[in-house]
Structure formats: structure tokens, C-alpha cells
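# Structural characterization, general
In case you want the letters, here they are:
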Amino acid sequence: MNAVLAVRQYVSKMIEDSGPGMKVLLMDRETTGAVSVVYTQSEILQREVYLFERLDSPNREPMKHLKAICFLRPTKENVELLVQELRRPKYSIYFIYFSNVISKSDVKALAEADEQEVVAEVQEFYGDYIAVNPHVFSLNLLGCCRGRSWDPAQLTRTTQGLTALLLSLKKCPMIRYQLSSEPAKRLAECVKQVITKEYELFDFRRTEVPPLLLILDRSDDAITPLLNQWTYQAMVHELLGINNNRIDLSRVPGISKDLREVVLSAENDEFYANNMYLNFAEIGTNIKNLMEDFQKRKPKEQQKLESIADMKAFVENYPQFKKMSGTVSKHVTVVGELSRLVAERNLLEVSEVEQELACQNDHSSALQLVSAVVEYGGKRVRGSDLFSPKDAVAITKQFLKGLKGIENVYTQHQPLLQETLDQLIKGKLKDSQYPYLGPNTLRDRPQDIIVFLIGGATYEEALAVFNLNRSNPGVRIVLGGTTIHNTRSFLEEVTAAGFRGRSTDSSQVPPRSSSRR
């Protein structure tokens, strides 16, 4: 189960099916994001795609020498734009691919508009989501609920995105959901309705143990998105913001023009792939090692590399190194800015306090949008006991863990999702709290698990899933969410849902310079 590979294969198939010759890739805003996170522009250029256009762009010039590969969401707006396009075609031939199920009436409307017979193909390729990592996907949706109920448009979009993910991975799952969450039950029902209606699409070869879809609610763990992170990918999102693999560095003091926006993609950046789950201290060491390896090959270019500032100076002083390894100069810049922000905001001290509050019993000094967060994810609405397990065995384990001590004071916290999935893998997740939708239950322990978080997932949870996949051979977990949160976007989610607390308002959201995915 690899979300990135699934979307990459769709894009490759589109390009291959259009045959040889110069091509234009015609997309909308959302499919542009879906393609950009799995393919670099240079990779696509090598496949004879020489132009990238938006279908809604009003000033596209006719280029009859180009073939058009259209990859679009099957929305009413896109179908209307395509109808207009086909009545006055700008390209020689059109290969049309929708990222989700398209209605027969819309296909008929396109056929009637194709009077010049320029359409060679119409297919459904289910890349209707953002493949963040091989085991993580997002729908880039913020504010999916109003109070404890779905926003109708967001429910429709989430159902479409989640069913597209299932179709792209060729999974027809059994469904479990968080009983304490009405939105989780509603989404489970909507996904089941699509599977029933489109049963032919979901008629995949059956496996001995059926795949499982587990639908959870962010409000069951309102702590994880509020904590500062110390692994590379999570830290970048928390302090700088990751938007479809892109990082805006334009506000970094003294930033060079070519580094104002950078891309962090594990598919095309070996250093990032090897370091995204490592902690901050290890990243700096690994960058230093790369530079020292370069110096060994160039004895004349020896220079002390004892700090991030030394590394930045080294990159600037040796253009040859920068040319050889633009990837490293990018990471030196990113890590340098992270270091600056950590120092400027005293985040080591802040994080230590956060971890103590999240993992220990003294919560008296926490004052950050507390009323709203408690209203959103407090004890009254949670289906699980987030802070103090009542089970005697769990209490004993927690006590023994405390006696042994914590290896890293900044990473004491473990997200609730890790415990939930651990219980699921062991066959111990309670049906009374996470029932199956429908009469059937899974007797065997699940092997293929898709877990989806209404209200957004986090990179700390992505790390937990990565580690669970690595430590449980034969088990494959994919994590999805309506979005991928950092602190700021989560607090925006809370206030967008209408939870403002008794004495707080949205102006009290802390001024962190980060953006949501």
C-alpha cells in the first residue's frame, strides 16, 4: 500500500497512453497539487510534456501542434469548462482523465460538445488526494465540521477523497469507526454507500484477511497537534509550514533568490528521505558529514564546520560545492532557519514544559486557547481516556516507564493513535468503542489498515505509523486526514468549528509563522 506510487502510476499511464509527440498537461487547482507532490516538473518534461496549464486559465492560446492530457476533478465547474473547451478546441487531440467517478450524464454532455471529434479517451484515474508520503495522504481540507456535525460540502469531498484512495490502492475494506463521534459514523456510512453503489469498481481480488478502514475523530486527541515537534519533517511543518511539499522561505533574513521557495520530497531528495524521521540534532550532524566528505575530496577547501553558521558560510564560499549539491545547500538553509526560530522563540524550554503538561499531571499553568480546546476535545466528548488510563495493567506500565526514565525529555509524548493502532494490530481494540459498520466482523488480525482522521492528522502520527509499519512485519498501515496539522492550523480548525471557549476569540491564536498543508 503506497499512496505516492499509486498516483505516480496514474500520471505515467496518462502520459504513456497519449503516445509520442509534444503534450500539454491540463489540470485544475487540486489535481495540480496531487501531481506536483509525486512528480517533479523536470521529470514530466522528460516525458514530452512541455506545457502545464490550468483549465480555468482564461488566456490560454491555441496550440494545435500539442496533444492535451486533461487530469481533472469531476466537478460541475470542470465539466462546464471542458464542454466550452471541446466546442472550441485549442489542441489537436484530448485524453481526458477524471480523478474520481464521473456521472453518465456528464460524460454525455462532453460527448455532445465534442462535435469536432477531438476526444480520444475518457477514463477515471483515482488520484483524488494528496499523497504526502507513501503511507500518508491528505485532502487539504480545513474546517470540515460545524460543531459536532459535518459541513455537507466537506462531507461529500471527504467521501470522494477517501473512496478514491481505496480505489487507487485496490482495497474494498471492512469499516470500523469511533462510536463516540457522530461525524465518524456519518463518514463510515457515506463510504459504505459508495462501495455498495459502485460495487463493480470495488470488485477486487479477495484476500484471506480483508483490509480494514478505521475512521477516527481528531477531537479524541486534541493534545498531539499542540506540541512542538523535533523530527525533521514535523519540525519544518510546525515552524515553516509545508504546502504540497513546498516550503516558503521568502521571509528568512538574507535569503538568496533561488531559495525563496524550496521543495522537500522524499521521492526526489535522498537526504530528506533518509532524515525526515530523525531528530533535529541528528540532521545537523548528517549535513556536516556530507560537507566533510566533500572536503576530503577537495583538500584545498578545508574549513571548520562546527555550527550551522559555519555550514552556511561554506556553501556560500564554495560555488562548486553548491553546484554539485544544491540539495545540501537547501537543507543547510532550512536547518539554519529552524535553528534561528528555535533560539528566537525559546522552543527548547517551551517544548519541555509542553511535554511535562502532556505527559504528567500538573496542568495548572497551561493557558493557550484552553477553553476552546477543552470544548473541542475535552473529557465530555472523548471516547477514550486520553490522560489517565483506568486499566490497572496500563497504569502499571505507565508507572514502570516512569521509573526507567525518559530517553529524551522532548519526545516523551506518544499520540493516542499509536495506542489505538497497537491495540488494533493485536486484535484487542474494543468493538464497544470502535464498532464495525454492518453485521460482519473481522476474526483475524488485520494486515492492510487504512486509518482516517476527521479533523486532520499530524506528522507526529505519521511518524508513529511509520514506526508501526517497520516493527510489525506483514502489517501495512496508511494514514489519512482531512488535512495535516501544525499548531496554528489546528487552532484554526477548532475556531472554524465554532469552539471559541467562554472568554476567548480567534485573535488569541498564537502568531506562529506557519501554514497548513
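As a reminder, the structure under discussion sits directly above these lines.
Residues numbered from 1 in each chain as written. Predicted model: local features only at pLDDT ≥ 70, side-chain atom pairs only at ≥ 80, totals over all residues. Heavy atoms only, no water.

Next up on the list: unusual backbone geometry. Unlike most non-glycine residues, Asn 140 shows phi in positive territory, near 55 degrees. Within the fold, Asn 140 resides in the loop between β7 (136–138) and β8 (145–146). On the accessibility criterion, Asn 140 (26% relative accessible area) is partly exposed. For Asn 245, which is not glycine, the phi torsion reads 75 degrees and is therefore positive. Mapped onto the elements of the fold, Asn 245 is located in the loop between α8 (232–239) and β12 (246–248). (Helix = DSSP H or I, 4+ residues; strand = E, 2+ residues; numbered from the N terminus. Buried < 20%, exposed > 50% of the residue type's maximum accessible area, 1.4 Å probe, protein only.)

Once that is clear, we can look at a nonpolar patch on the surface. Together, Met 22, Leu 45 and Tyr 50 make up an exposed nonpolar region whose accessible area comes to about 270 Å². For Met 22, the position within the fold is in the loop between α1 (3–17) and β1 (23–27). Met 22 gets classed as partly exposed once you look at its relative accessible area, which sits at 40%. (Patch = residues over 30% accessible without salt bridge, like charges linked within 9 Å, V, L, I, M, F, W, Y side chains within 5 Å. Areas by Shrake-Rupley, 256 points an atom, 1.4 Å probe, with all protein chains shown as cover. Salt bridge = Lys/Arg side-chain N within 4 Å of Asp/Glu carboxyl O.)

Further remarks concern the nonpolar core. Formed by 113 residues in total, the largest nonpolar core has its most connected members in Ile 215 and Leu 421. With 8 residues, the top contributor of residues to this core is α1. Sequence-distant contacts of Leu 421, defined by excluding residues within four places in its chain, comprise Leu 214, Ile 449, Val 451, Val 465, Leu 468 and Ile 477. Counting 19 residues, the second largest nonpolar core, distinct from the first, contains Val 83, Tyr 91, Ile 96 and Val 118. (Core = buried A, V, L, I, M, F, W, Y, C linked by side-chain atoms within 4.5 Å. Contact = heavy atoms within 4.5 Å.)

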